[in-house]
Amino acid sequence: VGSPAFLSLQRERRCLGVCDGGQMQTVTLIPGDGIGPEISTAVMKIFEAAKAPIRWEERNVTAIKGPGGRWMIPPDAKESMDRSKIGLKGPLKTPIAAGHPSMNLLLRKTFDLYANVRPCVSIEGYKTPYTDVNLVTIRENTEGEYSGIEHVIVDGVVQSIKLITENASRRIAEYAFEYARNNQRSSVTAVHKANIMRMSDGLFLRKCREVAENYKDVKFTEMYLDTVCLNMVQDPTQFDVLVMPNLYGDILSDLCAGLIGGLGVTPSGNIGANGVAIFESVHGTAPDIAGLDLANPTALLLSAVMMLRHMGLHDYGNKIQTACFDTIRDKKVLTKDLGGNSKCSEFTADICRRVQDLD
Amino acid sequence: AQDLQLQLHYCPPPAKYGGRHTVTLIPGDGIGPELLNHVREVFRFSCVPVDFEVVHVNSALETEEDINNAITAIRRNGVALKGNIETKHTMPPSVKSRNNLLRTSLDLYANVMHCQSLPGVQTRHQNIDIMIIRENTEGEYSSLEHENVPGVVESLKIITRNNSLRIAEYAFRLAREKGRRRVTAVHKANIMKLGDGLFLQCCREVASGYPDITFDSMIVDNTTMQLVSKPQQFDVMVMPNLYGNVVSNVCAGLVGGPGLVPGANYGRDYAVFETATRNTGKSIADKNIANPTAMLLAGCMMLDHLKLHDHASSIRNAIFTTMNENRLHTADIGGQGTTSEVVQSVMRIIQSKGQLTAEF
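These numbers come from a predicted model, not from an experiment. (Residues numbered from 1 in each chain as written. Chains lettered and ligands numbered in written order. Predicted model: local features only at pLDDT ≥ 70, side-chain atom pairs only at ≥ 80, totals over all residues. Heavy atoms only, no water.)

1. Some remarks on the nonpolar core
Within soluble globular proteins, side chains that are nonpolar generally end up buried alongside one another.
Part 1 of the reasoning: Phe47(A), Leu88(A) and Ile138(A) are the most contacted members of the largest nonpolar core, which has 69 residues in total.
Part 2 of the reasoning: Top element by residues in this core is helix 9 (residues 298-310) of chain A. It accounts for eight residues.
Part 3 of the reasoning: If sequence neighbours within four positions are ignored, Leu88(A) has contacts with Val27(A), Thr28(A), Leu29(A), Ile30(A), Val43(A), Trp56(A), Phe279(A), Leu300(A), Ser303(A), Ala304(A) and Met307(A).
Part 4 of the reasoning: The next biggest cluster of nonpolar side chains, apart from the first, holds 67 residues, and it includes Met131(B), Ala264(B), Ala318(B) and Val346(B). (Core = buried A, V, L, I, M, F, W, Y, C linked by side-chain atoms within 4.5 Å. Buried < 20%, exposed > 50% of the residue type's maximum accessible area, 1.4 Å probe, protein only. Helix = DSSP H or I, 4+ residues; strand = E, 2+ residues; numbered from the N terminus. Contact = heavy atoms within 4.5 Å.)

Given below as C-alpha cells:
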C-alpha cells in the first residue's frame, strides 16, 4: 500500500509543478479554531502576493456522527481531501468530555497519516541559545504508545499497551530513507530503547536496519533515546534525520521545536497512505488572542512552505520562506510572541511586500 | 508512608564492623571499571573507612547468576557503587537488562538526580538547580512484552497506585527536607488517560498533605520544550520511569553533560549509587579521557548516605575546586585534560587541607 504508489504520485506532482508552470493546484484548507482563521487568511494573502498557483478549498472539520454511530469528519471535507490530496490545517481545539475523540486523531485515522515530519531549522533573526540547528524528526504516528489501549487490571493497577508492528515500522523506516534521499540529507538515525524494551523497540530497530540495506547512499545509525536527548541539548548539529516510534517522536519533536524557538515557529507535515499529505501548525488555538489581530502566522506559513516543496513548487516555497525570514531578521514588525508589538496584519503585509519585491 | 517513617529515623546500613563500612562495588563495562578504580584511589588516599567488596557481572553471559550474586552482595552490605552493565543487542530478548533487574529486585523505587549549574563549566543556560525524582521500578520498564501475532509486539506499561503514591511521598518529603518550594509532576495523561492519569491523581493526593509546597503538573513534551528554553523555572520534578529517563538526560546535558552528574537509587532497605545518566561509554573506555567527576560525586553521595559527612564534603570541595581550572577540564566539557590529571588534582587539594591522608 503506501510506499510505491505514493512515491510515483509524488514524482507526478513534482512534474506537474515544475513543467506545467501556470496550472492551479487545489489544496484543501482547514482554518481551524481560535486564531486559525486569521493565520489562514494571512497565509492566503502571502500566497496571493507570491502568485503561487494554489487554489484554496476551505472546509471545516467538526466531528459528526455517521451511520452506525461512528464518529467521522464531515463528508465534504473528506471528499475535498481525497480529491486534492494536499491539505493545510490550522489548530483545532481538543474538547474535553465532548464524547468524541480529538479531531486530530480523527483526521489521522481517516487518512492513515502514518508519518509526522518536522524539519527544525534555526531561524536567523530569532535568537535562541541554540544556533545552527538543522534536523528533521520523523515520527511514526499510528501506533506505539498511543494505541489508546488501557485497562484497569485490578483496582490500583493500570496497564497501558504499546503496540509495535512490523508493517508500520517498515513503512515509517522506508519513508524516512526516501525523505533523506529526496531532500539531500546524509544520515538517518533510529531512536529507540531496545535495551529495555527488547522485543518492541527491538522489532522497530530490526525493520530500520533492513530498510537501511536498500539505501546504502544514506548513512544509518542507531542511538538510545536518552543518549539522543543528552547529546541534543549539548550539540544539536550532530543530528540529521531522526526516525522513531510514536511517543519518543512526540517528545523529541517538541524538544527540537524548543531548540529553534517553540511551536509558534515550527512547521509540521503529516504524510498519509494513498498520497495524502496534511501540513499543519502545531501550536494551540490561543483563544485568549483570537480575533484580536495579534497572532503569529509563522508556523502555519512555514508549514505551507513545506507543502509547496512537497508539491514540487520549490521556487515559490523558497521565495516565501526568504521573505518570512527577512521580516523576522529585520525585527521591525514582529508580533508579540517574537518580541515585538506589531499586529498580525502588519507582519503579514511586510512579508507580502518582500515577496513582491523578490519577483 | 510506613517506609518513610523508617527512613526518617534512618540507621546506617548493618555492614559496619570495627568502624569500617563494607560497600558492594560493581565495576560494569566501558568506563565503569577505570572510574571506580579512581574512586577507590581517592578513598584510600583520604583514609575513608570504607572497604569495597567487588562483584563482577559479565554482560556477555545469558545466565543471571552473576547479577544474582551482585544482588545478594548488596542485600548483605546495604549499599553499592556501580558502573553501567552493558545490554548486548545480539542476545535474545529474554535476556533482560542487568541494571534493570538489579533495580527491580532490590525495589530501588526512587532514582534521585540533582542537576546544578557548576560555576567552572561553560553551558548555554545558567542558574539551573533541579531535583529530579523518577519512579525507578515500573512504568515502561516493566519488561513485560509478548508477540501474540507474528509481526505484532505488545509492550506493557504498568502504573500502580502504590508505587505512584510511594514516589510522590518521596518527592514531597525530599522537597520539604531540602527546603524546596515547588514540585512539578511530569506526565502524558491527556493521551494515557488511565495510566498517567492514575499517576497524576496520586501526586495530587500526596500534595494535599503538603500545603507548604506548591504542586503543579506539566505534559512531558511541553516540559522538554520548557527545559531547553527556560530551565530555571523548575524546582523539583517527579515522574514515571520513561519520562524520567528523558528529563534526566536533558537536564544532565543542560548542566554540562554525562560526566558531571551523580545519581542515586534509593529503596526502603538499600541504596545504589552511580552516574546519573548511566552511560557505558564504550568508545572512550581505557583511554584516560573519561570525566571522573560524576562517579566521584556519586561516591560522595554514598559517603553522605553512610553518614561520613566530613569525608564527603572534603572530596566534594576538592572536586569543585578542580572544576574551576579550565586546564583540568576533560574533553566532554571542552578541555584537554586527562582523567588522571583530574584525580591527582583532587587528591592534592585534599592533602593541602591538612587532613589525614595515605602516601601519595
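After presenting the structure, the write-up continues.
2. Regarding the interface of chain A and chain B
Interfaces are frequently sized by the accessible area removed from exposure as the parts join.
Part 1 of the reasoning: At the interface, 50 residues of chain A touch 57 residues of chain B.
Part 2 of the reasoning: For the pair chain A and chain B, the summed buried surface comes to about 4400 Å²; carbon and sulfur atoms form 64% of the total.
Part 3 of the reasoning: Counting the surface chain A buries against chain B, the share from its top three residues, Ile196(A), Arg198(A) and Met199(A), is 17%.
Part 4 of the reasoning: Note that Asp250(A) is salt-bridged to Lys188(B), the shortest N-O span being 2.8 Å.
Part 5 of the reasoning: Here chain A is connected to chain B by 23 residue pairs in polar contact (both at pLDDT 80 or more).
Part 6 of the reasoning: Elements with a contribution of two residues or more to the side of chain A that touches chain B: strand 8 (144-154), strand 9 (157-165), helix 6 (200-212), helix 7 (225-234) and helix 8 (246-260) of chain A.
Part 7 of the reasoning: Taken together, the residues that form the side of chain A that touches chain B break down as 28 nonpolar, 12 polar and 10 charged.
Part 8 of the reasoning: In this sheet, strand 8 (residues 152-160) of chain B lies alongside strand 9 of chain A in antiparallel orientation, the contact comprising nine bridges. (Buried area = accessible area lost by both parts, 1.4 Å probe. Salt bridge = Lys/Arg side-chain N within 4 Å of Asp/Glu carboxyl O. Polar contact = N/O pair within 3.5 Å; in protein donor to acceptor, adjacent residues only side chain to side chain. Nonpolar A, V, L, I, M, F, W, Y, C, P; charged D, E, K, R; others polar. Pairing = 2+ DSSP bridges.)

3. A short note on the UniProt feature "domain: Isopropylmalate dehydrogenase-like" (unreviewed entry) in chain B
Part 1 of the reasoning: With numbering aligned to this structure, UniProt lists the feature "domain: Isopropylmalate dehydrogenase-like" (unreviewed entry) at residues 22-346 of chain B.
Part 2 of the reasoning: Taken as a whole, residues 22-346 of chain B contains 39% helix and 23% strand, while its terminal C-alpha atoms sit 23 Å from one another. (UniProt positions renumbered as here; feature names shortened; annotations may be inferred.)

4. As for the sheet that holds strand 8 of chain A
Part 1 of the reasoning: The strand order 8(A)-9(A)-8(B)-7(B) describes an open sheet built from four strands, whose pairing is antiparallel. Pairing within the sheet leaves two strands with one partner each, and these edge strands are strand 8 of chain A together with strand 7 (139-149) of chain B. Taken over all neighbouring pairs, the strand axes of this sheet differ in orientation by 30 degrees on average, direction set aside.
Part 2 of the reasoning: Pairing geometry for strand 8 of chain A and strand 9 of chain A, over six bridges, is antiparallel. (Axes fitted to C-alpha atoms, helices over the stretch in contact; angles between N-to-C directions.)

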